[in-house]
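The chain contents come next:
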Amino acid sequence: MSFVFPSSEGHAEFEKARPSLVLAIDRTAEEPMVTIAYGTSRRTRSNTGLEFHVRKADDIKAAGLHKQTRFVGARTVTVPLSSVRFVECAAGTAVLGRLPQSLHPRLAQVVAGLDRREDRARQSRERRSPWGRRRPSTGAVRNAIGFASAPSPVPVSRRAPQDWS
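On a predicted model such as this, the values are computed, not experimentally measured, just so you know.

**So, the environment of Asp-58**
Then comes step 1: Structurally, the position occupied by Asp-58 is in helix H1 (residues 57-62).
Then comes step 2: For the pair Asp-58 and Pro-100, spaced 42 residues apart in the sequence, the C-alpha separation amounts to 8.7 Å.

Written as structure tokens, this is what we have:
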């Protein structure tokens, strides 16, 4: 599919339509949602690991691409299927082509890796304390759970009585 990904720098002038790979479709919501991976022809070392390459000439043609493309699993978005960021191609649809059957096993590996990463992040959020990663002071914990801390002592100075007459 052709999709205008948000710029990582936040500037609209850097946004352009890019090929994207559909990783999942969620039809359980009122409006269908689709999770897509960012596609690029650049060969860089950034965002490696959960990536998917389309390199063979036959695969490139079947997928509706013009050149070798790397789909970055680390850079995904989930959007409504009716998003205005989908861009129609010459055929009048945002669909560029179909992924050849020979590449489906690698796609399944990438999706499984993304699922594991999401599960680890969820578990980490569940284990994290309400204060984030830093451990708060004992007084903050006691106050947060409802124990009033002892009043701080009032300083008393001991001086000789003065004669006010």
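We are not done yet, so read on.
**As for the pattern of salt bridges**
Then comes step 1: One pass over the full model with this rule turns up two salt bridges.
Then comes step 2: Note that Glu-51 is salt-bridged to Arg-70, the shortest N-O span being 2.9 Å. Of the two residues, Glu-51 sits in strand E4 (residues 51-54) while Arg-70 sits in strand E5 (residues 69-80), which places them 19 residues apart along the sequence. Judged on exposure class, the residue Glu-51 and its partner Arg-70 are both buried.
Then comes step 3: Put simply, Asp-119 and Arg-122 hold a salt bridge, and the shortest N to O gap is 3.4 Å. Taken together, the residues span about one helical turn, with Asp-119 and Arg-122 both in helix H2 (residues 104-127) at a distance of three residues.
Then comes step 4: Residue classification places Asp-119 among the partly exposed positions, given a relative accessible area of 34%.
Then comes step 5: According to the relative accessible area criterion, Arg-122 is partly exposed, its value standing at 36%.

**Structural notes on the side chain of Thr-40**
Then comes step 1: Note on placement: Thr-40 falls in strand E3 (residues 33-40).
Then comes step 2: For Thr-40, a relative accessible area of 8% corresponds to the buried category.
Then comes step 3: For Thr-40, the side chain forms a polar contact with the main-chain nitrogen of Arg-42, separated by 3.1 Å.

**Side note on the packing of aromatic side chains**
Then comes step 1: Counted under the stated rule, the structure contains one aromatic pair.
Then comes step 2: Ring centres of Phe-3 and Phe-86 lie 5.0 Å apart, and the angle between their planes is 65°; on these two criteria the pair is classed as edge-to-face. Of this pair, Phe-3 sits in strand E1 (residues 2-4) while Phe-86 sits in the loop between E5 and H2, and the two are 83 residues apart along the sequence.
Then comes step 3: Cation over ring: Arg-75 sits above Tyr-38, and NZ or CZ is 4.1 Å from the ring centre.

Conventions adopted
The written sequence of each chain sets the order in which its residues are numbered from 1. In keeping with the predicted nature of the model, local features appear solely for residues at pLDDT of at least 70, side-chain atom pairs appear and are counted solely at 80 or more, and the whole-chain, interface and lining totals rest on all residues. In computing side-chain values, all of the structure's heavy atoms are included and hydrogens and water are not. Put simply, DSSP H or I for four residues or longer makes a helix, DSSP E for two residues or longer makes a strand, and each gets a number counted from the N terminus. The term salt bridge refers to a pairing of a side-chain nitrogen on Lys or Arg with a carboxyl oxygen on Asp or Glu at a separation within 4 Å. Each residue's exposure class comes from its accessible area (1.4 Å probe, protein chains only) as a fraction of the maximum for that residue type: buried when under 20%, exposed when over 50%, partly exposed otherwise. Polar contacts here mean pairs of N or O atoms no more than 3.5 Å apart (in protein, one a potential hydrogen donor and the other a potential acceptor; neighbouring residues in sequence count only if both atoms are side-chain atoms). Aromatic rings from Phe, Tyr and Trp, with only the six-membered ring used for Trp, were paired whenever their centres fell within 6.5 Å, and each pair was classed as stacked if the ring planes differed by under 30 degrees, edge-to-face if by over 60, and tilted otherwise. The criterion is that NZ of a Lys, or CZ of an Arg, lies within 6 Å of the ring centre and within 35 degrees of the ring normal, and then a charge sits over that ring.

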